[in-house]
Amino acid sequence: MTELDVSWQRAAARLLDDLVAFEGACFVAPVPATPVVAPASDELSRFRAEICQCSRCALAAGRQHFVFGTGDPRARLMFVGEAPGADEDRVGEPFVGAAGQLLTRIIEAMGLSRDQVYICNVVKCRPPGNREPQADEVAACAPYLQRQVELVAPRLIVALGRTAAAAMLQTDAALHALRGRLHSFAGVPVLVTYHPAALLRHPEWKRPTWEDVKWARRELDGVVL
Ligand code: SF4
């Protein structure tokens, strides 16, 4: 067993403890005072600049910030969630609230940091009242996600929650029916798991999420099961 294996297993054990012990209490996340823009490659930065004033759907009217994505523009692992919430809309960065803190812990348990992965959402503007994005909004924003995936070219995408999975995989299937096998989006393998916000409400989903996280790590390491 290599040093990396040992370190990964220790981190993994810590996350499992965290997930199992996590009581689902909402806590206030510290958020940066100014909008954060992804430290993207030139191409990704150019693409962000091209679309950041987008008004292709009704969500443009209510946004404080366009929330493009954050992380390594050449990441091997990409997380795709549903849409910005209130914290994300205020800050301009995805996954900065309570669910974002849990996602950070999941990433760290995989032996990675937020800077080493890429994180974004299916839609880039906040739906009012944190409702699910509607089909026309997802359809309007989908080409942007597709282009982000092409530019980042990750080895694996983890779809966080049913809305992200449905948007990428063009399916109405329930999330539990999509877990446990690899799908594909823009030529990249996609693994489906629960959204961190759902784990805050449903602690019983932490253990299956943990199984998905372990699977994602093995996929990244090239382990064929
Ligand atoms: S959600 Fe997407 S398509 Fe709609 S306005 Fe925002 S960037 Fe444009």
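Let me sum up the structure you'll find in this document. (Residues numbered from 1 in each chain as written. Predicted model: local features only at pLDDT ≥ 70, side-chain atom pairs only at ≥ 80, totals over all residues. Heavy atoms only, no water.)

1. A word on unusual backbone geometry
Thinking step 1. Positive phi values are uncommon outside glycine, yet Phe95 reaches one of about 55°.
Thinking step 2. Relative to the elements of secondary structure, Phe95 occurs in the loop between α3 (86-91) and α4 (98-109).
Thinking step 3. Classification of Phe95 as buried rests on a relative accessible area of 5%.
Thinking step 4. In the Ramachandran plot, Gln170 falls in the positive-phi region, its phi being about 55° despite a non-glycine side chain.
Thinking step 5. Examined against the element boundaries, Gln170 turns out to sit in the loop between α6 (162-169) and α7 (175-178).
Thinking step 6. For Gln170, a relative accessible area of 70% gives the class exposed. (Helix = DSSP H or I, 4+ residues; strand = E, 2+ residues; numbered from the N terminus. Buried < 20%, exposed > 50% of the residue type's maximum accessible area, 1.4 Å probe, protein only.)

2. Overview of α4
Thinking step 1. For α4, spanning twelve residues, the distance from its first C-alpha to its last is 17 Å, which sits close to the expected 16 Å at 1.5 Å a residue.
Thinking step 2. Of all twelve residues making up α4, nine are buried, and the element is well covered by its neighbours.
Thinking step 3. Among the residues of α4, those classed as buried are Ala98, Ala99, Gly100, Leu102, Leu103, Thr104, Ile106, Ile107 and Ala109.
Thinking step 4. In the stretch just after α4, Gly111 is the one whose phi turns positive, near 80°. (Expected span 1.5 Å × (residues − 1).)

3. Things to note about the site of the ligand
Thinking step 1. Around the ligand, a shell composed of Cys54, Arg56, Cys57, Leu59, Ala60, Arg63, Phe66, Lys124, Cys125, Ala140, Cys141 and Tyr144 is seen.
Thinking step 2. In the shell around the ligand, the residues fall into nine nonpolar, no polar and three charged. (Near = heavy atom within 4 Å. Nonpolar A, V, L, I, M, F, W, Y, C, P; charged D, E, K, R; others polar.)

4. Comments concerning the nonpolar core
Thinking step 1. Among the nonpolar cores identified, the biggest contains 62 residues, and Leu77, Phe79, Val80, Leu145, Ile157 and Met168 are the most heavily contacted of them.
Thinking step 2. At seven residues, helix α5 (residues 135-152) tops the list of elements feeding residues into this core.
Thinking step 3. In this view, Leu145 contacts Met78, Val80, Cys120, Asn121, Val122, Lys124, Met168 and Phe185; residues no more than four positions away in its chain are not counted. (Core = buried A, V, L, I, M, F, W, Y, C linked by side-chain atoms within 4.5 Å. Contact = heavy atoms within 4.5 Å.)

5. Observations concerning empty space enclosed by the protein
Thinking step 1. By the definition in use, this model includes two cavities of 30 Å³ or more.
Thinking step 2. Computed from the structure, the largest cavity encloses a volume of approximately 100 Å³.
Thinking step 3. For the second largest cavity, the calculated volume is near 70 Å³.
Thinking step 4. Lining the second largest cavity, in full, are Phe79, Leu103, Ile106, Val158, Leu160, Leu191, Thr193, Thr209, Asp212, Val213 and Ala216.
Thinking step 5. Sorting the residues of the lining of the second largest cavity by element identifies α4, β4 (156-160), β6 (188-193) and α9 (206-220) as the ones contributing at least two each.
Thinking step 6. Top contributing element to the lining of the second largest cavity by residue count: α9, with four residues.
Thinking step 7. Across the lining of the second largest cavity, the residue classes break down as eight nonpolar, two polar and one charged. (1 Å grid on protein atoms, 1.4 Å probe; cavity = no way out; pocket = protein on both sides within 12 Å on 5 of 7 lines; lining within 4 Å. Points joined across faces, edges and corners; volume = space filled by probe spheres on them.)

Structural measurements only, silent on function.
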